[in-house]
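# Coordinate inspection notes
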Amino acid sequence: MTPRGGVAAGYAGVVLDLDGVVYRHDRALDGAADTVAELGRRGVGVAFVTNNATRTPCEVADRLRAMGVPADPPQVLTSASVAAEMIHVPARCLVIGERGVRAALDERGLDVVEDAASADVVVVAWDRRLTWDKLRRATLALAAGARFVATNSDPVYPSPEGPWPGNGATLAALTAATGRQPEVAGKPRAPLLTAAAERLPDGPLLMVGDSLATDVAGATALGWDCALVLTGVTSPSELDGAGPRPTYVLDDVTGLLAEGPA
Ligand SMILES: [Mg+2]
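Here the structure is a predicted model, which means the values were calculated and not measured.

## Topic: the sheet that holds strand β9 (residues 147-150)
- Strand order across the open sheet formed by five strands is β7-β6-β8-β9-β12, with parallel pairing between neighbours. This sheet does not close on itself; its edge strands, each paired only once, are β7 (111-113) and β12 (183-184).
- Against the sheet, helix α5 (residues 132-143) makes contact with β6 (92-96), β8 (121-124) and β9, and its axis sits at roughly 145° relative to β6, the strand it touches most.

Set out below in structure tokens:
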């Protein structure tokens, strides 16, 4: 049975994944804006998390507000902002990645270098301008002992035309070349989710996501409850498989507040 007030009623805060939960590609999902606003009115804390490292938290918050979703930059955590927090200042970072991760490193006061020999850390994020030369320099730096930090390890990005190679594909190339495994900020690893928890009130938290492999697995590993929504990458037929199971399965994010059976 769903608790009175909906699934979200028993939680101090909810951690909302973005793509496939609040929006899909460039459009807000039906009811998502009203649901986020109502959670706030009911005193349930809200944080937004995304493994996507291409945008800054400010840009993500602006995008959410443009869709009618109430969001302030401190509520938004990206795998890039959390990866930057994992690196102690000062350090010289060789970067594969786009604007979001570069801005996060700059904001933390980390130096970005182009030369493999001077790099203390190799930071790897999704990069739609990935080249062999970037892989070459990252491989040289890792072989020389630089720390290996990644924003996220998603194997694919679900584009409107189908799967594109994600940051996990880039990491696989670097791991094949070096034998090194990265420290990963994003889901299903803990850093992104624990950083979100630090922004929320004390008490039980609910992860809300559309992916079994990242959202449900990440929440389960931390002992959190998790609501899987069916507006993203997971179809109902996949729920019968092995692996982590969500606490709740909801047709969409409005199910957080709906009365009645979950
Ligand atoms: Mg998602």
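What follows picks up the thread again.
## Points about the nonpolar core
- Membership of the largest hydrophobic core comes to 37 residues, with the highest contact counts inside it found for Val 15, Val 49, Leu 77, Ile 87, Cys 93, Leu 105 and Met 207.
- Not counting the four nearest positions on each side in its chain, Leu 105 is found in contact with Ala 84, Ile 87, Cys 93, Val 95, Leu 110, Val 112 and Val 123.
- Ranked by size, the runner-up nonpolar core spans 32 residues in total, among them Val 7, Ala 8, Leu 16 and Tyr 248.

## Quick word on the pairing of strand β11 (residues 162-165)
- Bridging between strand β10 (residues 156-159) and β11 involves four bridges; their strand directions are antiparallel. Residue pairing across strands places Val 156 opposite Pro 165, the latter belonging to β11.

## Comments concerning the pattern of salt bridges
- In the structure shown here, the tally under the stated rule is 14 salt bridges.
- Notably, a salt bridge pairs Lys 187 with Asp 17, separated by 2.7 Å at the nearest N-O pair. Taken together, the residues Lys 187 in the loop between β12 and α7 (190-198) and Asp 17 in strand β1 (residues 13-17) connect sequence positions 170 residues apart.
- Take Asp 17: its relative accessible area is 6%, and that puts it in the buried class.
- Between Glu 38 and Arg 41 there is a salt bridge whose closest N-O contact spans 2.9 Å. With Glu 38 and Arg 41 both in helix α1 (residues 32-41) and three residues apart, the pair spans about one turn of that helix.
- Assessed through its relative accessible area of 22%, Glu 38 is described here as partly exposed.
- Sharing partners across several salt bridges, the network here consists of Glu 114, Asp 133, Arg 136 and Arg 137.

## Some remarks on the side chain of Thr 35
- Its place among the elements puts Thr 35 in helix α1.
- If we ignore the near neighbours within four places in the chain, the residues touching Thr 35 are Val 253, Thr 254, Leu 256 and Leu 257.

## Brief notes about the environment of Val 149
- Tracing the chain through its elements places Val 149 in strand β9.
- C-alpha separation for the pair Val 149 and Asp 240, spaced 91 residues apart in sequence, amounts to 34 Å.
- Filtering out sequence-adjacent residues up to four positions away, Val 149 remains in contact with Ala 83, Ile 87, Val 121, Val 122, Val 123, Val 124 and Glu 183.

## What to know about α1
- Listed as buried for α1 are Ala 32, Ala 33, Thr 35, Val 36 and Leu 39. Summarising the axial view, the buried residues of α1 lie within an arc of 165°, below the 170-degree limit, and thus occupy one face. Looking at α1, the residues exposed on the side facing more than 90 degrees away from the buried face are Asp 34 and Arg 41.
- Check the buried side of α1 and you find it contacts β1 and β4 (45-50).
- Count one or two residues on from α1 and you reach Gly 43, which has phi positive near 80°.

Analysis parameters
- Residues numbered from 1 in each chain as written.
- Predicted model: local features only at pLDDT ≥ 70, side-chain atom pairs only at ≥ 80, totals over all residues.
- Heavy atoms only, no water.
- Pairing = 2+ DSSP bridges.
- Helix = DSSP H or I, 4+ residues; strand = E, 2+ residues; numbered from the N terminus.
- Contact = heavy atoms within 4.5 Å.
- Axes fitted to C-alpha atoms, helices over the stretch in contact; angles between N-to-C directions.
- Core = buried A, V, L, I, M, F, W, Y, C linked by side-chain atoms within 4.5 Å.
- Buried < 20%, exposed > 50% of the residue type's maximum accessible area, 1.4 Å probe, protein only.
- Salt bridge = Lys/Arg side-chain N within 4 Å of Asp/Glu carboxyl O.
- Arc of directions from axis to C-beta.

Without other data, these values stay purely geometric and don't point to any function.
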